[in-house]
Amino acid sequence: MSRPDTLIDRILIVGLGSIGKRHLSLARDLFPKADIRILRHEANVDLPPLSNGCFSMLDEALAFSPQLAVIANPAPFHVTVSKALADLGCNLLIEKPLADTWRAAIPMVKLTKRRKQVFLLGYNLRYLPSLQQFRQAFQSGLIGRALSVRCEIGQYLPSWRPGSDYRKSVSARRELGGGVLLELSHELDYLCWLFGDVQWIRATLASQSELDIDVEDTAHLTLGFTLQSRPVIAALTLDFIRHDTTRQCTIIGEAGSLRWNAISGCVELYPSGASAWQSLFVEVPERNQSYFAEWQHMIECIEGEAEPLVTFQDGLHILKTIEAAHLSSTGAGVQVLISDLQE
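The shown structure was predicted, so the numbers you read here are calculated from the model rather than taken from an experiment.

Q: Explain the overall build of the chain to me, using residue names and the numbers behind them.
A: Scanning the chain from N- to C-terminus turns up 9 helices and 15 strands. For 343 residues, the compact-globule estimate of 2.2 N^0.38 gives 20 Å, and the chain sits close to it at 20 Å. Classification of the 343 residues of the chain by burial places 51% in the buried group. For the chain, the share of sequence-separated contacts (at least 6 apart) that also reach a separation of at least 24 residues comes to 66%. Split by element, the accessible area of the chain, about 15,300 Å² in all, is 49% carbon and sulfur. Within the chain, one finds 32 positive and 38 negative side-chain charges whose respective centroids are separated by 3 Å.

Q: Describe the side chain of T218, and please don't skip the residues or the numbers.
A: Here T218 is to be found in strand β9 (residues 218-225). Residue classification places T218 among the buried residues on the basis of a relative accessible area of 3%. Within the local environment of T218, its side chain forms a polar contact with the side chain of D217, the two groups lying 2.8 Å apart. Those residues within four positions of T218 in sequence are excluded, and the remaining contacts are V180, T204, L205, A206, Q208, L238, D239 and I241.

Q: Please set out the pairing of strand β1 (residues 10-14) residue by residue, giving values where relevant.
A: Within β1, 4 of the 5 residues are buried, which leaves it mostly tucked inside the rest of the structure. Here 5 bridges tie β1 to strand β2 (residues 35-39), and the two strands are oriented parallel to one another. When the sheet's bridge partners are listed, I13 is paired in β2 with I38. Once you follow β1 into helix α1 (residues 18-30) and on to β2, the crossover reads as right-handed. Here β1 runs beside strand β4 (residues 68-71); their pairing, made up of 4 bridges, is parallel. In the strand pairing of β4, I11 is matched with L68.

Reading the values: rules and limits
Residues numbered from 1 in each chain as written. Predicted model: local features only at pLDDT ≥ 70, side-chain atom pairs only at ≥ 80, totals over all residues. Heavy atoms only, no water. Helix = DSSP H or I, 4+ residues; strand = E, 2+ residues; numbered from the N terminus. Rg over C-alpha atoms; globule rule 2.2 N^0.38 Å. Buried < 20%, exposed > 50% of the residue type's maximum accessible area, 1.4 Å probe, protein only. Contact = heavy atoms within 4.5 Å. Areas by Shrake-Rupley, 256 points an atom, 1.4 Å probe, with all protein chains shown as cover. Lys, Arg positive; Asp, Glu negative; His and termini not counted. Charge placed at Lys NZ, Arg CZ, Asp CG, Glu CD. Polar contact = N/O pair within 3.5 Å; in protein donor to acceptor, adjacent residues only side chain to side chain. Pairing = 2+ DSSP bridges. Right-handed = clockwise from strand over helix to strand, strands pointing away.

Here it is, written out as structure tokens:
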């Protein structure tokens with residue numbers, strides 16, 4: 001699993017929450033001999049397992065001169081740390097979302113146009129074999145032109161991270177970039193990967209539960225895409241309140257329907273004239289599968305063997321779509337054009 005041939009020997013993990021710990025474990029597996037340090041906002045007298053050291057000040061981390069950094073702290077703090085590291089020539093893998101607002105993300109997008117190092121955004125669902133098969137089946141023309149899309153993601157927030165207080169999590173706190181739109185923006189990313197950029201949106205956002213959070217726990221979105229000569233319209237629901245964890249998408253086409261279930265790893269086809277769904281692909285994802293594939297892709301990009309699959313420009317568009325959703329919801333579901341958000 002290690003990569004002894006790579007020249008990366010100094011790695012920085014920014015943030016040591018659940019996602020930071022996951023990246024630390026993968027980094028140690030892939031680079032067993034590397035010097036891997038942690039940057040976190042509070043001083044830590046104990047050495048985090050699998051790491052070689054821990055910083056509490058950005059200047060200390062910059063002096064370490066990492067060649068690769070994973071930005072896994074809360075979204076409002078992504079840009080400050082990322083820009084400082086990018087100025088050193090460090091390759092960056094930034095966990096989604098790129099920032100907490102699209103305006104805050106603009107400096108990072110501009111930076112990618114001036115720098116030669118690798119910048120990759122961490123929408124890891126793109127690396128799931130089942131989603132890749134779903135996209136390939138659609139693009140092959142198996143169901144013809146897409147007419148409509150149904151997409152949903154839901155999981156009960158208190159059960160999301162066992163052993164931790166959901167009320168203190170990033171997901172639950174506005175000042176840390178919480179809420180279903182930012183936390184579950186994977187859905188927006190893969191829909192754009194399937195159908196191109198969102199052109200317009202109508203949205204209703206709400207806090208419908210008794211959860212002790214100060215952000216929206218539910219979002220109902222209608223999205224317009226222009227992949228073809230006619231628009232593709234998608235209905236997307238995201239929530240923190242569903243007890244039966246769900247993540248799935250169905251594309252309704254002229255010649256049938258395609259259905260993807262991220263949890264079971266199933267891709268199914270319902271052809272025109274059929275009487276039952278037909279299985280096209282099944283692979284139940286392992287816990288770290290997509291993250292490991294993401295790391296492998298990052299390494300390939302650094303070694304000049306690939307181009308980033310998810311760019312900062314992609315992340316900027318997602319953040320604009322999220323702001324447009326807020327504007328729409330505030331306006332009682334009025335349609336908002338993404339192009340109206342000018343840089």
